[in-house]
Amino acid sequence: MDLVLVMISVIETILANSSLQLSHIRVLRLFKVFRTLRVVREVPFLSRLRMMMSAIASSVASLVWAIVLLFFTIFMFSCVFLQGATQYILNDIEFSDSNITFLAEFFPNMQLTMLTLFMTTTGGINWWDVEGVLLDIGWVYGALFVVYIAIMILALLNIVTGIFLNDALEMAANDREIQKKNQKEKRMEIADELRSMFHMLDTDASGTITFEEFES
């Protein structure tokens, strides 16, 4: 966090000395709002918020690889379904077929095909609507789509959720360990200060403090 703030300040200084528009500098200054996040690390009752932010930050790498895995899975299935949709449209003589309209809307190219498959697993569209059209294209495509839904919902998404949950639990455990370590260090510092004070009061080095030594 401190590194980000320093980098923003340096960039702001460079832009201020350049010929860029003032509006660009003002937009950059909005990032200084992140300075308020320092409060989260200092205020005790915001410890849970700090833990959540730390868990999110520690899960960034897992998130990137999860997106890559989901992307390639959707891409492979999209290649098959797009090929089937294209052949169905080219071989269909009755252009009034409702399936043609559906395929032209949801399977016109690779990008929208991948988006359609993504929406079927995230609630964007009802996956049975897609299944009905794919069954009309061929039972193989219908069966393959059921396999895709099973892989995404029952396997991949649950695995990804488990990974994120595990990262969050590890971060929470590490955060508690850090808090315990800091508390232990503070107690040791207080103990050292008290020990030094008692040594100063024990003028006769007897190991005990008498009432007269305490008053003096």
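These figures come from a predicted structure and were not determined experimentally.

Participant: What is the right way to look at the overall build of the protein chain in this model?
Facilitator: Check the secondary structure of the protein chain and you find 10 helices and 0 strands. Ordered by position in the sequence, the α and β elements of the protein chain form the string α-α-α-α-α-α-α-α-α-α. Per-residue burial for the protein chain yields a buried fraction of 26% across its 216 residues. Long-range pairs, those at least 24 residues apart, make up 57% of the contacts in the protein chain with a sequence separation of at least 6. Surface exposure of the protein chain reaches about 15,300 Å², of which carbon and sulfur atoms provide 68%.

Participant: I would appreciate a short explanation of helix α8 (residues 127-137) in the present structure.
Facilitator: An α-helix turns once every 3.6 residues. As a result, residues three or four positions apart point the same way. All of the buried residues along α8 are Val130, Glu131, Val133, Leu134 and Ile137. Viewed along the axis of α8, the buried residues span an arc of 165°, placing them on a single side of the element. Sitting at the amino-terminal end of α8 is asparagine 126, which places a side-chain oxygen 3.1 Å from the backbone nitrogen of tryptophan 128.

Participant: Just to check I follow, could you spell out the packing of aromatic side chains for this structure?
Facilitator: Any pair of aromatic rings gets described here by the distance separating the centres and the angle formed by the planes. Tallying each qualifying case throughout the model produces 9 aromatic pairs. Between phenylalanine 71 and phenylalanine 75, the aromatic rings sit 6.3 Å apart at their centres with planes inclined by 15°, giving stacked as the arrangement. Taken together, the positions of phenylalanine 71 and phenylalanine 75, both in helix α5 (residues 60-91) and 4 residues apart, correspond to about one turn of that helix. Between the aromatic rings of tryptophan 127 and phenylalanine 145, the centroid separation amounts to 6.2 Å while the plane-to-plane angle is 40°, which identifies the pairing as tilted. One end of the pair, tryptophan 127, is in helix α8; the other, phenylalanine 145, is in helix α9 (residues 139-201), and 18 residues separate them in sequence. When its relative accessible area of 33% is taken as the criterion, tryptophan 127 is described as partly exposed. With a relative accessible area of 0%, phenylalanine 145 lands in the buried category.

Participant: What am I meant to see in the side chain of threonine 120 here?
Facilitator: Relative to the assigned elements, threonine 120 resides in helix α7 (residues 110-122). In this structure the side chain of threonine 120 is engaged in a polar contact, spanning 2.5 Å, whose partner is the backbone oxygen of leucine 117.

Participant: I tried to follow a nonpolar patch on the surface on my own but got confused; where do I start?
Facilitator: A surface patch of nonpolar side chains, amounting to about 810 Å² of accessible area, comprises Val60, Val64, Trp65, Val68, Phe71, Phe72, Phe75 and Met76. As for its placement among the helices and strands, phenylalanine 72 is situated in helix α5. With a relative accessible area of 49%, phenylalanine 72 lands in the partly exposed category.

Participant: In this structure, what is going on with the confidence of the model for the protein chain? I would like to understand it.
Facilitator: Parts of the model with low pLDDT should not have their predicted coordinates read in detail. The pLDDT averaged across the protein chain works out to 75; a share of 61% of its residues lies at or above 70. Within the protein chain, the element-level pLDDT minimum falls on helix α2 (residues 22-29), averaging 54, and the maximum on α7, averaging 92.

Participant: Even after reading the chapter, I still don't get the side chain of threonine 121, so can you show me in this structure?
Facilitator: Inspection of the secondary structure puts threonine 121 in helix α7. In this structure threonine 121 comes out as buried when scored by relative accessible area, which is 11%. There is a polar contact of 2.9 Å between the side chain of threonine 121 and the backbone oxygen of phenylalanine 118. For threonine 121, the contacting residues outside a window of four places in its chain are Tyr148, Ile149, Met152 and Leu157.

Participant: Sorry if this is basic, but what is going on with the nonpolar core here?
Facilitator: Counting 24 residues, the largest nonpolar core has Phe81, Phe107, Phe145 and Tyr148 as the members making the most contacts within it. For this core, the secondary structure elements donating two or more residues are α5, α6 (98-106), α7, α8 and α9. Excluding residues that lie within four positions of it along the chain, phenylalanine 81 makes contacts with Phe107, Leu117, Leu134, Tyr141, Leu144 and Phe145.

Participant: Would you explain α5 in this entry?
Facilitator: In this model α5 runs 46 Å from its N-terminal to its C-terminal C-alpha over 32 residues, within 8% of the 46 Å that 1.5 Å per residue would give. Buried residues of α5: Ala66, Leu70, Thr73, Ile74, Phe77, Ser78, Phe81, Leu82, Gly84, Ala85 and Tyr88, and no others.

Participant: Could you clarify how one ought to interpret the UniProt feature "transmembrane region" (unreviewed entry) in the protein chain in this entry?
Facilitator: The UniProt feature table records "transmembrane region" (unreviewed entry) at residues 55-82, 102-119 and 139-165. As annotated, residues 102-119 comprises 83% helix and 0% strand, and the C-alpha atoms at either end are separated by 15 Å. Overall, residues 139-165 shows 100% helix and 0% strand. The separation of its end C-alpha atoms is 38 Å.

Participant: How should the packing of α6 against α8 be read in this particular structure?
Facilitator: Angle between the axes and distance between the axes: these two values describe a pair of packed helices. Axis separation between α6 and α8 bottoms out at 11 Å; the angle between their running directions is 120°. Considered as vectors, α6 and α8 are oriented oblique to each other. Considering only the axes of α6 and α8, their crossing is left-handed. Residues Asn99, Phe102 and Leu103 of α6 touch α8, and the partners they reach there are Asp129, Val130, Val133, Asp136 and Ile137. Among the residues making up the contact of α6 with α8, the classes are represented as 5 nonpolar, 1 polar and 2 charged.

About the thresholds
Residues numbered from 1 in each chain as written. Predicted model: local features only at pLDDT ≥ 70, side-chain atom pairs only at ≥ 80, totals over all residues. Heavy atoms only, no water. Helix = DSSP H or I, 4+ residues; strand = E, 2+ residues; numbered from the N terminus. Buried < 20%, exposed > 50% of the residue type's maximum accessible area, 1.4 Å probe, protein only. Contact = heavy atoms within 4.5 Å. Areas by Shrake-Rupley, 256 points an atom, 1.4 Å probe, with all protein chains shown as cover. Arc of directions from axis to C-beta. Polar contact = N/O pair within 3.5 Å; in protein donor to acceptor, adjacent residues only side chain to side chain. Phe/Tyr/Trp six-rings, centres within 6.5 Å; stacked < 30°, edge-to-face > 60°. Patch = residues over 30% accessible without salt bridge, like charges linked within 9 Å, V, L, I, M, F, W, Y side chains within 5 Å. Salt bridge = Lys/Arg side-chain N within 4 Å of Asp/Glu carboxyl O. pLDDT = per-residue confidence, 0-100. Core = buried A, V, L, I, M, F, W, Y, C linked by side-chain atoms within 4.5 Å. Expected span 1.5 Å × (residues − 1). UniProt positions renumbered as here; feature names shortened; annotations may be inferred. Axes fitted to C-alpha atoms, helices over the stretch in contact; angles between N-to-C directions. Parallel < 35°, antiparallel > 145°, perpendicular 65-115°, else oblique. Left-handed = near helix turned anticlockwise from the far one by under 90°. Nonpolar A, V, L, I, M, F, W, Y, C, P; charged D, E, K, R; others polar.

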